[in-house]
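Topology and contacts: notes
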Amino acid sequence: MAPEKMKDRKARPKRSDTAGELSKTLIASKLRGYYDSIVEEGTPPQFLDLLERLDQAERSSTKK
């Protein structure tokens, strides 16, 4: 193979590399969107209540 063609081959990304990068980018984007939607939901009131009761129980047990 001529040296000029070898240079062109090395300069262009392989088709599979490009598809792999595109897949990674798509997965990262979907995960980021999923994470953001969970963060926006906030903490359920029942969970906050449970945390408060646990905190109170911990404080009362350390006073004894």
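Computed from a prediction, not measured in an experiment: that's the story for all the values here.

Reading the values: the criteria
Residues numbered from 1 in each chain as written. Predicted model: local features only at pLDDT ≥ 70, side-chain atom pairs only at ≥ 80, totals over all residues. Heavy atoms only, no water. Helix = DSSP H or I, 4+ residues; strand = E, 2+ residues; numbered from the N terminus. Buried < 20%, exposed > 50% of the residue type's maximum accessible area, 1.4 Å probe, protein only. Patch = residues over 30% accessible without salt bridge, like charges linked within 9 Å, V, L, I, M, F, W, Y side chains within 5 Å. Areas by Shrake-Rupley, 256 points an atom, 1.4 Å probe, with all protein chains shown as cover. Salt bridge = Lys/Arg side-chain N within 4 Å of Asp/Glu carboxyl O. Polar contact = N/O pair within 3.5 Å; in protein donor to acceptor, adjacent residues only side chain to side chain.

1. Thoughts on the overall build of the protein chain
Counting its secondary structure elements, the protein chain contains three helices and zero strands. Written out in order from the N terminus, the α and β elements of the protein chain read α-α-α. Counting over 64 residues, the protein chain shows a buried share of 0%.

2. Considering a nonpolar patch on the surface
Together, F47, L48, L50, L51 and L54 give the surface a local cluster of nonpolar side chains, amounting to about 450 Å² of exposed area. Mapped onto the elements of the fold, F47 is located in helix α3 (residues 45-63).

3. Some remarks on the environment of T62
You can see T62 is positioned in helix α3. Judged by its relative accessible area of 58%, T62 is exposed. Only 2.9 Å separates the side chain of T62 from the backbone oxygen of R59, close enough to count as a polar contact.

4. Some remarks on the pattern of salt bridges
Under the defined criterion, the tally for this structure stands at four salt bridges. D49 serves as the salt-bridge partner of R53, at 3.5 Å between the closest nitrogen and oxygen. Remark: D49 and R53 occur in helix α3; sequence separation between them is four residues, near one turn of the helix. According to the relative accessible area criterion, D49 is partly exposed, its value standing at 41%. Here R59 ties to D55 by a salt bridge, and the two come within 2.5 Å at their closest N and O atoms. Here R59 pairs with D55, and both are found in helix α3, just four residues apart, close to one helical turn. With a relative accessible area of 41%, R59 lands in the partly exposed category. For D55, a relative accessible area of 33% translates into the label partly exposed. Salt bridges sharing partners connect three or more residues here, namely E52, D55 and R59.

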